[in-house]
Every structure is written in C-alpha cells, then in structure tokens.
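# Remarks on the overall topology
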Amino acid sequence: MKVISKLAIIAAIAGYTAVSAADSLRVVDQNNQPVANATILLGFEPGNPFPGNVLKTAADGSAGVPGDWKAALPVTVQAAGFITTTLPVMMPGEHMITVSKVDGAVQMEIKGTTTGFGRLITDGKVDFGMVIPAMSRESMLSFDISSVISPQNDTIEIIGNAVDIPSNVTLPNQEETYIFPITLDKPDYRVYVREPGNYQMFVMHGQFPLQRVVNDIRAGKSIFEVINHFTFLEAGQKSVTVTGNIKNVDLSVNQTPFNSTVALKAPAFPADKVMVSLALSEKSGFYVPTDLKRLTPNQAMNLKSNASLGGGSVLSLLLDAPTTTVITRLEQALKDLNPLEKFTRPFAQEDPVAANNYNFNKLSFAFTPATGGTVSPQFLPLVAAPTMSGNVIKVSVPAINAGLTPAAMYMVMSEIETLGTGTVKSERRTRLWEVWSPGWTTQVELPKIAFTKNPKFKYRWEVLFLARPSNFVFEAAPTDRVDLNTVTHVTRNAMDL
C-alpha cells in the first residue's frame, strides 16, 4: 500500500516507493481504527475538477475512487469528531489517510497540594513548586509559554496587596523580607487538560532570590533576563487517570533530587535573538523538564537533571528578543511580590496592549539527545509570517542546515480563545484544519472549505517546517502519520486571519 500524508512524507523524501494498486482510499484514526461516514473531497470543491469527486467512507473506512481521477489533486477528509485534514498533492492509487481527533472542548481540572518542602527558613530565597503534565513530542510542536505557566490565576494577599499567581505554581508557607516581612502561603495548585486519559503529573521544586529577581523585574527586565536566577532542586511525579475534574492529587516535591547535569553549548546566534533551553527527561514517550535556562551566543552551561527519571534530551528554543517591555504572567506576579507595589506604580514603562505572552509564533527549536558529551544545538533559520491571497497560502522556505533534510511541512488553522484576567492574557488553541505537505514548498492552494467562525475568537494559520538528520535510519512508514521521533528541528511562524 502506498501511504501518503504525514509519515509517508518522510519515506517519500528518503526515496522509498511503493507499487500502486487499485484506486481506493481508506480513512483511519490515530489508533488505526476505521472512520466510517467520512467525507472525502478530491480536488478544490465539489464538481471541480470532475463530477462525483465527493466520496463517503463505508463501515471499514474505505471508499472507492472514480475513474476520472487521473492526476495529482488535493485530498481533504472531514468526519464528525475529527480535525479536517488535507493532503495537498496526492496521485491516484491506493492510500490510507489518518485523521486526528478534535481537541477537547471542556477543560478538566486536576488540583491538589504540593508537599515535601521540609522546614523552610528565612534565607532571602523564595521556594516554589511548579506542576506540569508530562509533554509528548507532538505537543512540543505547538510549544508556547502556557505549556509551562498556567493561563489560569489564583489570587493571594500579601500585606493587603492582591497578587495573581499562575494556578500551577505553588508557594509553601514561608516568610521572607523585601522592605517588609512577607508571608507566602499558596500550597495548592490547579492544572487543566482537555482529553480524558492517563497523565503523568510532574512537580519541580525551585528557588529564586527574592530581592534580586523583584528588583530586576521592576527595572523592566524580562523574565528571560532573570530566569537564570531560578534554581531547580528536585522533583516528584504521580500517575493520574482523568475522566473529569479530579481533586486531592497531592504531589511530593522531594522524590527525585536533581543531582546530575547535562553540558550545553550555545551556537553563535544573532544578538537580537533569545535562546532558552529546557533539560528534559523521557519515559514511555513523555517528557518532563528538569531545568530551564537562557543562554547567550557561544555560552556554555550545565543544566540540572537526574538519569533515574529517564533518557535525557535538551529542547532549545530560538526566538526574537522583545523590542518593548511587556509584562508576562510570571513577570507580573513577581513584580507584585513587592509589598509597596500598589503605592509605587508605575515602575518601568509597560505596554498593556502588548501584555500578552511573548510572541511564540515565530520560533525555531532543536530537540537534541543528551547521550554524553556536550549538547550543541543548531537551529533552522527563523522564517517570516505566511501570507494568504484567496485560497493560497504563501511561505518563505528556510535554508536547510548541513546535516539535515526536510521531513515535512505542516500547516494548521486554529481557533484562538483568549484566557486570563487583568492585563495579562494567555491563549488556548483549538485545531480546526491540518495540512501536511511531503516537502517544503513556497505555497499551498487550499480547497474551498468553510468553517463557522465565532466572532469572539481569533483564527490563525501556523506553518511549521520539520527537519531530521540526513543520516537518520528508519523503516518505511507503516502508517500515514509523521513519526515525530525522526523530527529533530522545527521552525515556525503564523498569521492571524
């Protein structure tokens, strides 16, 4: 069977071929189960380029193909409960197409208390916990700051000043001094997932020097400029089965000390860019962070880790440095730890209009195994935002680095919901339409597909260029989904509609 779409992209680029059989299509889900009653459009709209180009799948997910299909056409699949999927170029033949389930519409809340901090003394450092569900390789494709910092807030009071703290951050009971004594006490966390299933809940115990960090934030420095003041000490995790809201998921932070390191060396990147690296441990296909640091060009640094958590990797991000002082969720919370804040505003110039998270749309990242020696990531070039004229999306194809080869070009249209309160907002993305191309191309003509749009939300097209090492050895894809274990480099950008 000739497999087109997401994983066959890799096989096609590598030179794999398959013998064409009788023309037929089969639609399956991510578990390779048939999808019945799916609508398949051959071409750009019903009746174009020939009558009878709209098909329906049978109970086994299959559909016969009309004899008028003679040349390469876009093929689009739509089915209830699944994301619309388009393959821009498909030749007649026998094909299997995998479609993804729609993103969950309801947020399921997981909450509990973080414990195990021990006896905390007044030492000028704030101890905190950060709770994060373990991440998959697929979720890293859409990485943004809300993957680490919750878009939801919990409000605590510090000397009469209401302070919004991201809901996945906890502050064990402690007393520190910043001008006046400050008591911090937020032992509980809340995190949210959108799909039922089994999750590995992970908590990190970290510290930061209170006076130094708050002073830097008040002076207008970004979270990227102070993040290296944060020290991560240890972690804990727990497996949780989620079918709805769940409470009393208490997490102990002292199960695993971060007692080993990963050596990292930054490349020579332009001074107007920001590089941030996460040390990751992997187990059963899911990843948890053990350290987070900013690096300057050519800087060498050790990131904390622990081999017992699983195989080590480093996810490195490259993005544009902010050109104005903007207040992220975490920056705002740190600034508000000053007990005199309500009497001393404004501090540095802030831009409430631009006070969303930093722009993670324009981003290049490298996923590098930590297999011994020094990790030395290289980045695909950052790319310009795509443009759209009619049904044609045009993109700027990046240069490919030596030692890499294109794996796929992925485009996704999402519905963007703004979350959060006050001047600091976050976003939740719901995928509506996925487009997978077998190579990097300067433009893609989309079929004429209509979506009902909510005027309260924004809509966005993202374009991602995926690459893998040229010498990566793998077998021909058994399914049509991109094997993200082969993808090591991504550069992306987006445009709002």
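Residues numbered from 1 in each chain as written. Predicted model: local features only at pLDDT ≥ 70, side-chain atom pairs only at ≥ 80, totals over all residues. Heavy atoms only, no water.

Here we come to unusual backbone geometry. Between asparagine 48 and the following residue, proline 49, the backbone shows a cis peptide bond with an omega angle of 20 degrees. With respect to the helices and strands, the residue proline 49 is situated in the loop between β2 (39–42) and β3 (54–56). Backbone geometry places asparagine 32, a non-glycine residue, at a positive phi of 65 degrees. Tracing the sequence through the fold places asparagine 32 in the loop between β1 (24–28) and β2. Even without glycine at this site, asparagine 37 takes up a positive phi of about 60 degrees. Note on placement: asparagine 37 falls in the loop between β1 and β2. On the basis of relative accessibility, which here comes to 57%, the residue asparagine 37 falls in the exposed class. (Helix = DSSP H or I, 4+ residues; strand = E, 2+ residues; numbered from the N terminus. Buried < 20%, exposed > 50% of the residue type's maximum accessible area, 1.4 Å probe, protein only.)

Spatial ordering of the open sheet is given by β4-β1-β7, a layout of three strands whose pairing is mixed. Both outer strands of the open sheet, β4 (62–64) and β7 (94–98), are each paired with one neighbouring strand and no more. Neighbouring strand axes in the sheet, compared pairwise and without regard to direction, differ in orientation by 20 degrees on average. As paired strands, β1 and β4 are joined by three bridges and run antiparallel to one another. Paired with serine 24 across the bridge in β4 is glycine 64. (Pairing = 2+ DSSP bridges. Axes fitted to C-alpha atoms, helices over the stretch in contact; angles between N-to-C directions.)

Strand order in the open sheet formed by three strands is β26-β27-β30, and the pairing between neighbours is antiparallel. The open sheet has two free edges, formed respectively by β26 (387–389) and β30 (443–445), since each of these has just one partner strand. Put simply, the sheet's adjacent strands are angled 20 degrees from each other on average, direction ignored. Strand direction decides the pairing type here: β26 and strand β27 (residues 392–394), joined by three bridges, are antiparallel. Following the sheet pairing, threonine 387 is matched in β27 by lysine 394.

Here the focus is the pairing of strand β23 (residues 300–305). Here β23 shows one buried face, formed by Met301, Leu303 and Ser305, and one open face, formed by Ala300, Asn302 and Lys304. The sheet contact formed by strand β20 (residues 260–265) and β23 spans six bridges and is antiparallel. When the sheet's bridge partners are listed, leucine 264 is paired in β23 with methionine 301.

Let us now look at the pattern of salt bridges. Summed over all chains, the structure comprises 14 salt bridges. With its nearest N and O atoms 3.2 Å apart, the salt bridge here joins aspartate 320 to lysine 362. With aspartate 320 in strand β24 (residues 311–320) and lysine 362 in the loop between α6 (341–344) and β25 (363–369), this residue pair connects regions lying 42 residues apart in the sequence. The exposure class of lysine 362 is partly exposed, given its relative accessible area of 23%. Ionic pairing is found between glutamate 417 and arginine 428, a salt bridge with its closest N-O pair at 2.9 Å. Within this pair, whereas glutamate 417 is found in strand β28 (residues 404–419), its partner arginine 428 is found in strand β29 (residues 426–437), the two being separated by 11 residues in sequence. By relative accessible area, which is 22% here, glutamate 417 ends up partly exposed. One salt-bridge network, held together by shared partners, links Glu109, Lys111, Asp154, Lys186 and Arg190. (Salt bridge = Lys/Arg side-chain N within 4 Å of Asp/Glu carboxyl O.)

If you walk through the whole model with that rule in mind, you get two cavities of 30 Å³ or more. Size it by volume and the second largest cavity reaches roughly 70 Å³. Around the second largest cavity sit Arg137, Met140, Leu141, Phe365, Phe367, Leu484, Val487 and Val490, which together line it. For the lining of the second largest cavity, the elements supplying multiple residues, two or more each, are α2 (137–140) and β25. (1 Å grid on protein atoms, 1.4 Å probe; cavity = no way out; pocket = protein on both sides within 12 Å on 5 of 7 lines; lining within 4 Å. Points joined across faces, edges and corners; volume = space filled by probe spheres on them.)

Right, let's talk about the nonpolar core for a bit. By size, the foremost hydrophobic cluster in this structure holds 80 residues, and its most contacted members are Leu25, Ile40, Leu42, Trp69, Val75, Leu280 and Leu466. Residues within four places of leucine 280 in sequence aside, it is in contact with Met135, Met140, Tyr287, Val288, Pro289, Thr290, Gly311, Gly312, Ser313, Leu315 and Phe367. In this structure, Ile393, Met413, Trp440 and Met495 belong to the second largest nonpolar core, which totals 22 residues. (Core = buried A, V, L, I, M, F, W, Y, C linked by side-chain atoms within 4.5 Å. Contact = heavy atoms within 4.5 Å.)

Attention now moves to the side chain of glutamate 415. For glutamate 415, the location among the structural elements is in strand β28. One buried charged side chain, glutamate 415, makes no salt bridge at all; its nearest oppositely charged neighbour is arginine 194, positioned 7.1 Å away. A distance of 2.6 Å separates the side chain of glutamate 415 from the side chain of tyrosine 459, its partner in a polar contact. (Lys, Arg positive; Asp, Glu negative; His and termini not counted. Polar contact = N/O pair within 3.5 Å; in protein donor to acceptor, adjacent residues only side chain to side chain.)

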